[in-house]
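# Reading the structure
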Amino acid sequence: SAVISQKPSRDICQRGTSLTIQCQVDSQVTMMFWYRQQPGQSLTLIATANQGSEATYESGFVIDKFPISRPNLTFSTLTVSNMSPEDSSIYLCSVSSVEETQYFGPGTRLLVL
Amino acid sequence: AQSVTQLDSQVPVFEEAPVELRCNYSSSVSVYLFWYVQYPNQGLQLLLKYLSGSTLVKGINGFEAEFNKSQTSFHLRKPSVHISDTAEYFCAVSGYTGGFKTIFGAGTRLFVKA
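Since this is a predicted model, take the numbers as computed values, not measurements. Within every chain, residues take consecutive numbers counted from 1 along the sequence as written. Key to labels: chains lettered from A, ligands numbered from 1, both in the order written. With pLDDT at 70 or above as the cut-off, local features in this predicted model cover only qualifying residues; side-chain atom pairs require 80 or more to be listed or tallied, and sums for whole chains, interfaces and linings still use all residues. To obtain the side-chain values, all non-hydrogen atoms of the structure were included, while hydrogens and water were left out.

## Looking at the interface of chain B and chain A
By a frequent convention, interface size equals the accessible area lost on bringing the separate parts together. Between two residues, a contact is recorded if the distance between any of their heavy atoms is within 4.5 Å. Taken together, the contact between chain B and chain A spans 18 residues of the former and 16 residues of the latter. Together, the buried faces of chain B and chain A total about 1500 Å²; carbon and sulfur atoms form 53% of this surface. Salt bridge criterion: a side-chain nitrogen from Lys or Arg within 4 Å of a carboxyl oxygen from Asp or Glu. Our count for the chain B to chain A interface comes out at zero salt bridges. Definition of a polar contact: a pair of N or O atoms within 3.5 Å, with one able to donate and the other able to accept a hydrogen when the atoms are protein atoms, and with sequence-neighbouring residues admitted only if both atoms are side-chain atoms. Between the two partners, chain B and chain A, sit six residue pairs in polar contact (both at pLDDT 80 or more). Three categories are distinguished: nonpolar for Ala, Val, Leu, Ile, Met, Phe, Trp, Tyr, Cys and Pro, charged for Asp, Glu, Lys and Arg, and polar for the others, with Gly belonging to the last. Considering only residue class, the side of chain B that touches chain A consists of 10 nonpolar, six polar and two charged. When two components associate, each loses some accessible surface as probed by a 1.4 Å sphere; the sum of these losses over both components is called the buried area.

## Describing the environment of B:Phe90
Helix numbering and strand numbering both begin at the N terminus, where a helix is a DSSP run of H or I of at least 4 residues and a strand a DSSP run of E of at least 2. Turning to its location among the elements, B:Phe90 is positioned in strand β10 (residues 87-96). With 81 residues separating them along the chain, B:Phe90 and B:Ser9 place their C-alpha atoms 10 Å apart.

## Examining the side chain of B:Asp8
All names here are of chain B. For Asp8, the location among the structural elements is in the loop between β1 (2-6) and β2 (10-14). Polar side-chain contacts of Asp8 include one of 2.9 Å to the side chain of Arg22. The contact partners of Asp8, leaving out residues within four places of it in the chain, are Arg22, Gly107 and Thr108.

Encoded structure:
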C-alpha cells in the first residue's frame, strides 16, 4: 500500500484568497485523484491528476477554480482559488492500486471565513 | 454510468449485537466493490473489497460482505459489534468508463451503544 502525506493538514483562510494543497506519495503511481468531502457528506471526485497533461475534471468542477498540477509520478497539488465559505471542506488526495483500491491521504481541513 | 446507494444514513446498535449496512449499486460495466471506514477525525481506510471469485469477502475487524450480482447489492455485516466500530462506512464502486473511476455512496454512520 502507498503512504500519502498532505500539506497543510488544516487551514483557515479569508474569502477571495487561494490555497494550494500538496500531496506526496512514497512510491510512483499512475493514478492520483482529488476528492472533496463536505461536512457530514460523502466524497465527491473533483478530478484525476494526470502526469504530463491536464487534469480530467468531473462535472461541476472547472480548472479555473481548482487548478491541478502533476509534475511527476509522486507529487500533485490542488489549488482552491478565489475561495468562498462554500469551499469549506476536507480535501483528500488518493492514489489507486492495480486492483483499483484507493489509498487516501489524511486530508486537508479547510475553513473559509 | 455508475451509482451507489447506501440505504441507511444512520444505524444505531447495541454493543455485541449483529449489524448489516446495506449497499446497492448500478453500473453498465463490470465493477469492483469496496467498503471503506472513516473513524472520527481520521482518513478513509479500506475495510474489504470484492474483485472476483468467491462472493463472500472477509475484511478487517471481523467484517464481511456478500456480493449479490442479481440483486446488485454488496451488504456489509458483522456478527457482534464493539464500541470501537463506531464510524462512518462508505460503500464504493469502481469500473472502467473511459478511465477507472471510483464512486462513493453517501455513507452510513454506525453508532454502537453500550
